[in-house]
Amino acid sequence: MAVDKSTILKHIHIQKGDITKMEVDAIVNAANPSLLGGGGVDGAIHRAAGPQLLEECRTLGGAQPGEAKITKGYRLKAKYVIHTPGPVYRGGNHNEAAILKNSYYNSMRLAKDNGCTSIAFPAISTGVYGYPKEEACSIALSTIIEFMEKENFLIDVYFVLFDDDNYAIYTKHLQELS
Ligand code: ADP
């Protein structure tokens, strides 16, 4: 039987806080294309996971924006880290929306293929990469809903928002969908 939208919406959770603390099967890292660590959420994840994460990342050969690669979680409570570089926002006419969508879609694909039942996302690209937060939120929510519908696959999705702006935006958008 096909999973319906109201069931999907019950599996989407919005919370404020630090994604490195999440007890889920996979946390998603808003990485940069080198996959060798950086600032923001990427730095926080590497600090919390420990140096073995960087060692494994060195074997991956980087990732294109919108692509996703998976590693173990090492010292994290999460079993896996899914690393995806989002787009750098350059005005909106450089394929940014499609790339951001790919980051969410490909992360969901890896979660599914690795048997995950829960996944936590940060607000990819909305920090240093400068993506407008409202638009980024709308892409994040519509993409994970589309994935669950198309793949007939239910997973608990946590959006873990670090800043008040994103928390308010996600709460509002999710209410509008319900
Ligand atoms: P990007 O380069 O993709 O913009 P950033 O790490 O600069 O990545 O920011 C992405 C989002 O992650 C921002 O909204 C930022 O506030 C948030 N963020 C930073 N640290 C954490 C953390 N520990 N947990 C969850 N989100 C975080």
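Refer to the structure presented above.
Given the structure is predicted, the values throughout are model-derived calculations rather than measurements.

(A) Seen up close, the site of the ligand. Around the ligand there are 17 residues in total, and D18, V41, S125, T126 and G127 lie nearest to it. Interatomic distance of 3.0 Å between a backbone N/O atom of I19 and a nitrogen atom of the ligand. Put simply, the ligand lies in the largest pocket. Looking at the shell around the ligand element by element, the count peaks at three residues for helix α2 (residues 40-49). A breakdown of the residues in the shell around the ligand according to their chemical character gives nine nonpolar, six polar and two charged.

(B) Just the layout of surface pockets, in detail. In this structure, the largest pocket occupies an estimated 580 Å³ of space. Per element, the largest residue contribution to the lining of the largest pocket is four residues, and it comes from α2. Residue classes in the lining of the largest pocket are distributed as 13 nonpolar, ten polar and three charged.

(C) Local environment of the pattern of salt bridges. Inspection of every chain in the model, using the stated rule, returns ten salt bridges. D164 is the partner of K16 in a salt bridge, and the nearest nitrogen-oxygen pair spans 2.6 Å. Within this pair, whereas K16 is found in strand β1 (residues 12-16), its partner D164 is found in helix α6 (residues 164-177), the two being separated by 148 residues in sequence. Look at D164 and you get exposed, because its relative accessible area is 52%. The network of salt bridges with shared partners includes K101, E146 and K150.

What counts and what doesn't
- Residues numbered from 1 in each chain as written.
- Predicted model: local features only at pLDDT ≥ 70, side-chain atom pairs only at ≥ 80, totals over all residues.
- Heavy atoms only, no water.
- Near = heavy atom within 4 Å.
- Polar contact = N/O pair within 3.5 Å; in protein donor to acceptor, adjacent residues only side chain to side chain.
- 1 Å grid on protein atoms, 1.4 Å probe; cavity = no way out; pocket = protein on both sides within 12 Å on 5 of 7 lines; lining within 4 Å.
- Sits in = over half its atoms within 2 Å of the grid points.
- Helix = DSSP H or I, 4+ residues; strand = E, 2+ residues; numbered from the N terminus.
- Nonpolar A, V, L, I, M, F, W, Y, C, P; charged D, E, K, R; others polar.
- Points joined across faces, edges and corners; volume = space filled by probe spheres on them.
- Salt bridge = Lys/Arg side-chain N within 4 Å of Asp/Glu carboxyl O.
- Buried < 20%, exposed > 50% of the residue type's maximum accessible area, 1.4 Å probe, protein only.

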